[in-house]
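A closer look at the structure
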Amino acid sequence: MAFREEGRQMRLRRTGSVPPDARVRHYDELAEASQVAVAELADRPRTAPESADLEDGDVVKFTDYYRIRAR
Amino acid sequence: MSDSYVIVGDGIAGASAAETLREEAPDAEITVITEEGESLYNRILIKEFAKGKLPEAPISIHDESWYDDHDVDLRLNTLVVDVDVENDAIRTHEGETIEYDSLLLAIGGTPQQLPVENADAEGVHHFWTFQDARKIKESVEDADRGVIVGAGLLGIDFAAICGAQDVEAKYLMRGDSWWRYALSNEGAEIMHEAMRERGVEPVFGSGVDHFEVDDDGHVEAAVDPNGERYECDFAGVAIGLDFNTEILEDTPLETDDGIVVDEYMRTNVDNVFAAGDITEFYDTILGERAQNGAWGSAKEQGTIAAHNMIDHGSEPFEWVSSYSITHFDFPFLSFGHPTLGDDSVEATTDEGEWRRVALKDGRVIGGVLIGDLSPQSAFKQLMREKRDVSGQRELLMEPGFSVDDLVASTEH
Ligand SMILES: Cc1cc2nc3c(=O)[nH]c(=O)nc-3n(C[C@H](O)[C@H](O)[C@H](O)COP(=O)(O)OP(=O)(O)OC[C@H]3O[C@@H](n4cnc5c(N)ncnc54)[C@H](O)[C@@H]3O)c2cc1C
């Protein structure tokens, strides 16, 4: 398990292309709390606390491809 | 001597069981056997590969080194043909016998063929494996016109693939709407419109009577029971699954549609367990036997089965399954058992937003959300808590519904 900084916020950015080395997750693979966060953050200029099963750089397939930025 | 665990199937259910067993039983012998030629991959992303949106690499989950690193004996391209529960052994197609102390059957299902002429012609596709996805992609990239059959969750993947690959398609449905067992016409119409926008035309009161083929045996048309002929060079058929229970026919293992297990994923034979799509499990939330066909549920069942293989009765499966459709610019989510129940309530909550909740004995047992997924946690919570919502069902349709609304109104 990668070291995770406490208190990071994540947001979602639409991404046109998926890098071959990215970890890609389908919405249905995510824990319920992450699903709620993804549905909430997609296409909105909002942030939420970083989810346990998502990491900076992950790509999530929801209604589009979204890249997670956690800072 | 250490315990030996044999897992048949390296889909998400079998693989998550292997992972859990290795964590909890560091010295155990673990063997994973799969008929497929590749180890665990992300079955719910292969449609994105077929759409041309995703390369192969991110779809792999466990490469073969994972099995070495975790000291798991992986057997690819190996079909289990017989289970001998009296002697605690399985037999492979090559005649090898492998003994076990505890066996997990995570063997899933196989897509059904249409029982019509030329249902196996070149260009007629079924969709379950990564190999299927590669063939679909190749075939759809060369196609101009497509036909899709099967008005359910896998059929709509074919529709999205045709849409993404610029194939003009007819989606032939027997009834008058898509997934009519879970949605009313009003909800389904949102889905129909999204298909049309992608060049996929739903055709109702139709279906396939037979396929026509050219001189090379390649599909060239589907003819429906009304005699309408739809030319196509690609056909996608997703009419349901046959669960892979044939290998259990001569065993005392109880099967119905799938393998019958209790809430601990154990069959009627003490050291034989099952997990994933193949199970007909006792659903503690529904209060009766049920089947799920979803990734999250299969993964959880694999984990739970592993816990109970080590210590039976240690952890029951208590899970509200869900399944989304992410092909369109609005989200769709079905949860629980949306096709069951004795009552339902539905509403359009905003433009393009629709929801339906299925109820049984006054309790929420499933539903469908289109456009607005925000009540998903509240509905799943109501299911887990088995809350009686009779007399308050209309509240479930309020746009910002939360469980607290219900508590407040109950207390009043
Ligand atoms: C195209 C597609 C799209 C999907 N989309 C979604 C989605 O968006 N969301 C969602 O939640 N779910 C989705 N699903 C469903 C989801 O993928 C399944 O519910 C889940 O993968 C089931 O996992 P499993 O391990 O139970 O079975 P499977 O993944 O089917 O694994 C069973 C394995 O056992 C092997 N096997 C069977 N019999 C034998 C034998 N006798 N010997 C050796 N090996 C054997 C099979 O070859 C197979 O590899 C989709 C499925 C498909 C096909």
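On a predicted model such as this, the values are computed, not experimentally measured, just so you know. (Residues numbered from 1 in each chain as written. Chains lettered and ligands numbered in written order. Predicted model: local features only at pLDDT ≥ 70, side-chain atom pairs only at ≥ 80, totals over all residues. Heavy atoms only, no water.)

**Quick word on the packing of aromatic side chains**
We describe a pair of aromatic rings using the distance from one ring centre to the other and the angle between the two ring planes. All names here are of chain B. Summed over the entire model, instances satisfying the criterion amount to 13 aromatic pairs over all chains. Between Phe281 and Phe317, the ring centres sit 5.1 Å apart and the planes meet at 90°, which makes this aromatic pair edge-to-face. Here Phe317 lies in the loop between helix 7 (295-310) and strand 22 (322-325) and Phe281 lies in strand 20 (residues 279-283), a separation of 36 residues in the sequence. The class of Phe317 is buried, set by a relative accessible area of 1%. (Phe/Tyr/Trp six-rings, centres within 6.5 Å; stacked < 30°, edge-to-face > 60°. Helix = DSSP H or I, 4+ residues; strand = E, 2+ residues; numbered from the N terminus. Buried < 20%, exposed > 50% of the residue type's maximum accessible area, 1.4 Å probe, protein only.)

**Comments concerning the interface of chain A and chain B**
Each partner contributes to the interface: chain A provides 16 residues, whereas chain B provides 27 residues. When the two sides are added together, the surface that chain A and chain B hide from each other amounts to roughly 1700 Å², 55% of it contributed by carbon and sulfur. For the pair chain A and chain B, the number of links is seven residue pairs in polar contact (both at pLDDT 80 or more). In terms of residue count, the dominant contributor to the side of chain A that touches chain B is helix 1 (residues 32-41) of chain A (four residues). (Contact = heavy atoms within 4.5 Å. Buried area = accessible area lost by both parts, 1.4 Å probe. Polar contact = N/O pair within 3.5 Å; in protein donor to acceptor, adjacent residues only side chain to side chain.)

**Considering the site of the ligand**
Taken together, 34 residues are adjacent to the ligand, and A:Asp28, B:Glu36, B:Arg43, B:Lys47 and B:Asp277 come closest. Looking at the residues close to the ligand, they fall on chains A and B. In this structure, B:Arg43 approaches the ligand through a side-chain N or O atom, which is 2.8 Å from an oxygen atom. Interatomic distance of 2.8 Å between a side-chain N/O atom of B:Trp128 and an oxygen atom of the ligand. The fraction of the free accessible surface of the ligand (1000 Å²) that becomes covered by protein chains is 97%. At the level of secondary structure, the elements contributing two or more residues to the shell around the ligand comprise helix 1 (12-24), helix 7 and strand 22 of chain B. The greatest single-element share of the shell around the ligand, amounting to three residues, is contributed by strand 22 of chain B. Class assignment of the residues belonging to the shell around the ligand gives a composition of 16 nonpolar, 11 polar and seven charged. Looking at which domains feed residues into the shell around the ligand, each of domain 1 (4-110 + 241-310) and domain 2 (113-237) of chain B supplies at least three. (Near = heavy atom within 4 Å. Areas by Shrake-Rupley, 256 points an atom, 1.4 Å probe, with all protein chains shown as cover. Nonpolar A, V, L, I, M, F, W, Y, C, P; charged D, E, K, R; others polar. Domains from an automatic or database assignment.)

**Quick word on the confidence of the model for chain B**
For chain B, per-residue confidence averages 96 on the pLDDT scale, and 99% of positions sit at 70 or higher. The complex prediction reports pTM at 0.97, with the ipTM value standing at 0.95. (pLDDT = per-residue confidence, 0-100.)

**Let's talk about the pairing of strand 25 (residues 353-360) of chain B**
Regular strands show a simple pattern: their side chains alternate between the two faces of the sheet. Residues and elements named next belong to chain B. The element strand 25 is largely enclosed, with a buried count of six among its eight residues. For strand 24 (residues 343-350) and strand 25, the ladder comprises seven bridges, and the chain directions are antiparallel. Note that in strand 25 the partner of Glu346 across the bridge is Arg356. In this antiparallel pair of consecutive strands, strand 24 and strand 25, the connection spans two residues, and Gly352 shows a positive phi of 75°. Both strand 25 and strand 26 (residues 363-370) contribute to a ladder of seven bridges, which runs antiparallel. Within the sheet, the bridge partner assigned to Leu359 lies in strand 26 and is Val364. Counted between consecutive antiparallel strands, the loop separating strand 25 from strand 26 contains two residues, among which Asp361 sits at a positive phi close to 50°. (Pairing = 2+ DSSP bridges.)

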